[in-house]
Number of protein chains: 2
Amino acid sequence: MDKTYTIAIDAMGGDNAPEEIVEGALLARDKYKNLHLNLYGDKGKILELIGETKQDRIKIINTTEMIEMGEEPVKAVRKKKDSSMVVAANAVKGGSADALFSAGNTGALLASGIFIVGRISGIERPGLLTVLPSVDDSKRQWVFMDVGANAEVKPSYLYQFAVLGNFYATHVLKKPNPEVKLLNNGTEEDKGDKIHIQAYQLLKNGKQLNFTGNIESRELLNGHADVVVADGFSGNAALKAIEGTALTMFAGLRKILVNGSLKTKIGAALVKPALKEFSSVLDYNNAGGAVIAGVKAPVVKTHGSAKAKTVSNTIGQIKIILESNLVPDITKYVDENKDQFKIILEEK
Amino acid sequence: MDKTYTIAIDAMGGDNAPEEIVEGALLARDKYKNLHLNLYGDKGKILELIGETKQDRIKIINTTEMIEMGEEPVKAVRKKKDSSMVVAANAVKGGSADALFSAGNTGALLASGIFIVGRISGIERPGLLTVLPSVDDSKRQWVFMDVGANAEVKPSYLYQFAVLGNFYATHVLKKPNPEVKLLNNGTEEDKGDKIHIQAYQLLKNGKQLNFTGNIESRELLNGHADVVVADGFSGNAALKAIEGTALTMFAGLRKILVNGSLKTKIGAALVKPALKEFSSVLDYNNAGGAVIAGVKAPVVKTHGSAKAKTVSNTIGQIKIILESNLVPDITKYVDENKDQFKIILEEK
C-alpha cells in the first residue's frame, strides 16, 4: 500500500473560506486515498460543512483567529498565535503534519514557512516557485522562481533558486535534464545589472546544472526553458504582466465577440469551444499552487479566489511533491555540497 | 504657415533598411508638409529607391558605415564615426537637424542620444519611454518609462523618469493632469526593495506631480495610470512580458482557429474582422516608437522590423513632439527647479 501523508490545511484562508476549502479537501480526500487531511479553523463552521458522518481521514482542529488578506504578514504571524495558518504551520514544524496548504495571505504564508516551518540548513533565502505552461507547446511546463518573495537578491540567492527550481523540475515535473535559464534584459552574457551579471557566471560554472543562458520575458511562454530563475522583483513583474495580459486579452476578446455584429456573434458561438480549450492552457488554476521552496516541508499557496476544484488539484500537487521526496533530497544535496555552497556565499 | 522642422533619419538601421525606411520617409514627406527629412546612408542605394525627380524636402547625406543589430553599442558608436546613425546624431548635435529617427540597434541609439546629442543639464539618466494602450479603454494611452535603458537605478532617477514621463503625457498625449504611478510588487506604500520604497516617498512629496501610488504589472493594460515609472530592469521585464504574451496568444489563437474542426473554421472566418480590429489595439506598431527621454532633442526608435507605414507614423510622432515644444519645456523646468532637483540628488 502507498505510504500515507498528512497535510495541514488552513481552512480559513482565502476569499471563499471555509466553504470552498472544505469542499476541496473533501474532493481530495475521496480522490487521494493515501492522504490524511487536518483542517485548521472554526470547528463549528467546518463541521457544519462536512457533516458528522463524513470524517474519514479528516481531522478538524479548532482555531480562534484568522489572518486577513490585507494584514501586514510578519506582524500577523507573530501576533495571531491561534490563527488557522499559524497553528497549521506549527503542526508541520512539530511533525504532526507533512505539508502545509493555504489560500490565504501570501506574505503571511511565506513568513509561516520561513520562520515556523523553517529554512533548510544551507539555503539562504527560500523563494516563491510557480509552474507555468508554454503556449507554443502546451505540454512543456516550466518552473519560475522567485516570483515575489525576495525583492532584493544577491547573486548567490539566484544560484540557489536555480538549484531549488532544478530539483522541482526533476522531481515533481519528472524532467530528466532540465534546461535552466536566467531572466534578464537581454540574452548576452554581460546583460543586466551587476547582480545578474555575477549570477550568470555562478550559474555557468555551477555543477550539475544544465544552464543555457539568459532568457527575456518576451520568450517566457514559448517553451524555451524548464526552469527560469529570477529575482523576486522582476520575476513578480513578469509573472503578473503575463497573467494580466492574458486576463485582459480574454476579457477584451469576449467583449468584442459578444458586442459585435450578428455575423461576429454567430462566428463567436461556433468558435466558443475552441476558445475555451485555448483559455484553459493559460488558466493558472490548472497549473497548481505556488510553492515556498527552500523550507523544511512543502508549503503551498493557491490563489485567494480558488474554488473547490482548484483546492483539490493543489492538494494533489502536494501529494506528488511529498511522494517525489523533494524536500529530503534537497536537504541531502545541500548538506553534501556544503563546501561548494559556502564558496559561493563567501565569494559574493 | 506651420513652423518647419528637419528630422535626421538613419536610413540604414533596422531589418528592412534602407528600403522600408526610405519608403516610410517618402510617405511622411507627402503627409507632413512642414517636415524636411535628411536621410543618412548609402547615397547610391537611397537615390535608386527615391528617384532623381522626387527629392522635394528630402536631402541625402552619404555615409560609409553601418551599425549592425548585434554590435556592442557603446563601442560601435565610438568606432564607427561615419555610420549613418552617428553622422545623423552629430547633425542633431550641430543644429542642422531638430530630431533623430532610427530603426537600428537600440543600445547604439541610446548611446548616440546620451553621448552625442547629450543629456539635458540636470537630468542624471535619460531613459527609454514608450506609449502603450489600455485594453479596457483603448483610448487611454499611457506612458511607460524606463523600459530598458537603466538596469540599475537610484530613487532620484525614478523621480526624474516621473517628471519626464509627466511632460510627455501633458505635451505629446495632451493629458491635462496625468496620473503617475510607480511599478512595484504590491500597491502598499512600503512595497518593493529599498530603492522603490524611497522612490515612493520622493514621488509622493514631489511638487506638480499627480502621484497616486504603486501599480502592479498585472494592472498595466487596464487603464489605471497615465504615466508608469519603472526601473529599466523590471520595466523591461514587464514590457516584454506583455508583448510576448500578446504575441504568443494571438499566434496560439490563430493556430487553434485554423487547425480546428469545420465548425471552428467557419466561425473563425466570421469573427476574423473583429479579431483583426482587436489585435490592432495591442499592436505596438500603432503606438509609435520608443523615445529616449532626457536628451537635448527628440531621439526616437522604432522596431527593427518596422515597415514603411510604421516608419511614417513614427516620423509623425516626432513631428508632434517637436510641435509640442517638449524638449525646450523640460529644459526650462529642470533649470527653474534646479534646487529641488539638487536636494533630491543629495538626499538619496
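Before any of the text, the structure's been laid out above.
Presented here is a report on the structure given in the accompanying data block. Please read these numbers as outputs of a predicted model, since none were measured by experiment.

On to the overall build of chain A. On a plain count of helices and strands, chain A comes out with 13 helices and 11 strands. The globule rule puts the C-alpha radius of gyration for 348 residues at 20 Å, and the 21 Å found for chain A is close to it. For chain A, the spread of C-alpha atoms along the principal axes amounts to about 65 × 60 × 45 Å. The buried share of chain A, taken over its 348 residues, is 60%. In chain A, of all internal contacts separated by at least 6 residues, the share reaching a separation of at least 24 is 71%. Accessible area for chain A stands at about 14,500 Å²; split by element, carbon and sulfur atoms hold 50% of it. Taking the 44 positively charged and 41 negatively charged side chains of chain A as two groups, their mean positions are separated by 2 Å.

All names here are of chain A. A cluster of like positive charges, contributed by Lys93, Arg119, Arg125, Lys154 and Lys296, occupies part of the molecular surface. You can see Arg119 is positioned in the loop between helix H5 (106–118) and strand E5 (127–132). Overall, the relative accessible area of 41% leaves Arg119 in the partly exposed class.

Counting 102 residues, the largest nonpolar core has Phe144 and Leu220 of chain A together with Phe144 and Leu220 of chain B as the members making the most contacts within it. Every residue in contact with Phe144 of chain B, bar those within four places of it in the chain, is listed here: Leu128, Leu129, Thr130, Leu132, Leu183, Leu220, Val228, Ala230, Gly235, Ala238 and Leu239 of chain B. One finds Ile120, Leu129, Val229 and Tyr333 of chain A within the second-largest nonpolar core, a separate group that totals 65 residues.

Let us look at the relation of the copies chain A and chain B. With an axial shift of 0.0 Å and an RMSD of 0.0 Å, the rotation relating chain A to chain B amounts to 180°. Here the copies are linked by what is in effect a two-fold axis. It is Gly267 of chain A whose C-alpha, among those of chain A, lies nearest the rotation axis, at 1.8 Å. A high fraction, 100%, of the interface residues of chain A reappear at the interface in chain B, so the copies pair face to face through one surface.

Once that is clear, we can look at the interface of chain A and chain B. Counting residues at the interface gives 51 residues for chain A and 51 residues for chain B. Roughly 4,400 Å² is buried in total at the junction of chain A and chain B, and carbon and sulfur atoms are behind 68% of that figure. When the area that chain A buries against chain B is broken down by residue, the three leading residues are Arg218, Phe233 and Met249 of chain A, summing to 18%. On inspection of chain A and its partner chain B, the count reaches six salt bridges. Measuring nitrogen to oxygen at the nearest pair gives 2.1 Å for the salt bridge that ties Glu216 of chain A to Lys240 of chain B.

This part takes up helix H1 (residues 19–31) of chain B. The end-to-end C-alpha separation of H1 of chain B is 19 Å, in line with the 18 Å expected for 13 residues at 1.5 Å each. Within H1 of chain B, burial applies to Glu20, Ile21, Val22, Gly24, Ala25, Leu26, Ala28 and Arg29 of chain B.

Time to look at unusual backbone geometry. All names here are of chain A. Backbone torsion omega between Ala17 and Pro18 reads 0°, so that peptide bond is classified as cis. Secondary-structure assignment places Pro18 in the loop between strand E1 (5–10) and helix H1 (19–31). At Lys174, a residue that is not glycine, the phi angle is positive and equals roughly 55°. You can see Lys174 is positioned in the loop between helix H6 (155–171) and strand E7 (179–183).

Looking now at the pairing of E5 of chain A. All names here are of chain A. Within E5, six of the six residues are buried, which leaves the element mostly enclosed by the surrounding structure. The alternating pattern of E5 places Gly127, Leu129 and Val131 and Leu128, Thr130 and Leu132 on opposite faces, both of which are buried. Bridge count for E5 against strand E10 (residues 290–293) is three bridges, and the pairing is antiparallel. Counted as the bridge partner of Gly127 is Ala293 from E10. Pairing analysis gives four bridges linking E5 to strand E6 (residues 142–145), with the strands arranged antiparallel. The residue bridging Thr130 from the neighbouring strand is Phe144, located in E6.

For the coordinates displayed, the defined rule picks out 26 salt bridges over all chains. With a shortest N-O distance of 3.1 Å, Glu323 of chain A and Lys319 of chain A are connected by a salt bridge. Of the two residues, Glu323 of chain A and Lys319 of chain A are both situated in helix H11 (residues 308–323); the distance of four residues between them amounts to about one turn of the helix. On the accessibility criterion, Glu323 of chain A (37% relative accessible area) is partly exposed. On the basis of relative accessible area, Lys319 of chain A is assigned to the buried category, the value being 14%. Among the salt bridges present, the one from Asp226 of chain B reaches Lys175 of chain B, with a minimum N-O distance of 2.6 Å. Pair noted here: Asp226 of chain B is in the loop between strand E8 (210–215) and strand E9 (227–229) and Lys175 of chain B is in the loop between helix H6 (155–171) and strand E7 (179–183), with a separation of 51 residues, a long-range link. Across this residue pair, the class does not change: Asp226 of chain B and Lys175 of chain B are buried.

Criteria and thresholds
Note on numbering: residues in each chain are counted from 1, in written sequence order. Key to labels: chains lettered from A, ligands numbered from 1, both in the order written. Side-chain atom pairs in this predicted model are given and counted only at pLDDT of 80 or more, local residue features only at pLDDT of at least 70, and totals for whole chains, interfaces and linings cover all residues. Side-chain measures here rest on the full set of heavy atoms in the structure, leaving out hydrogens and waters. Runs of E in the DSSP output that reach at least two residues are strands. Runs of H or I that reach at least four are helices, and both are numbered from the N terminus. In this description the radius of gyration comes from C-alpha coordinates, and the expected globular size is given by 2.2 Å times residues to the power 0.38. The cut-offs for exposure are 20% and 50% of the maximum accessible area for each residue type, with area from a 1.4 Å probe on protein chains only; residues under the lower value are buried, those over the upper are exposed, and the others partly exposed. Any pair of residues with heavy atoms lying within 4.5 Å of one another is described as a contacting pair. The accessible surface values rely on the Shrake-Rupley method and a 1.4 Å probe; as for residues, cover is taken only from the protein chains in view. Positive charges are assigned to Lys and Arg, negative charges to Asp and Glu, while His and the chain termini are left out of the count. Taken as the charge location is NZ of Lys, CZ of Arg, CG of Asp or CD of Glu. Two distance rules govern patches: like charges are joined within 9 Å, and nonpolar side chains (Val, Leu, Ile, Met, Phe, Trp, Tyr) within 5 Å, applied only to residues with over 30% relative accessible area and no salt bridge. Salt-bridge detection follows one rule: a side-chain nitrogen of Lys or Arg within 4 Å of a carboxyl oxygen of Asp or Glu. We define the nonpolar core as a collection of buried residues of types Ala, Val, Leu, Ile, Met, Phe, Trp, Tyr and Cys that are connected through side-chain atoms lying within 4.5 Å of one another. When the copies are superposed, the least-squares fit takes in the C-alpha atoms of residues with a pLDDT of at least 70 in both. Accessible surface is computed with a 1.4 Å probe, and the buried area is the amount of it that two parts give up when combined, taken over both parts together. Every helix has an expected span of 1.5 Å times one less than the residues it contains. The rule for pairing is simple: two strands pair if DSSP sees at least two bridges between them.

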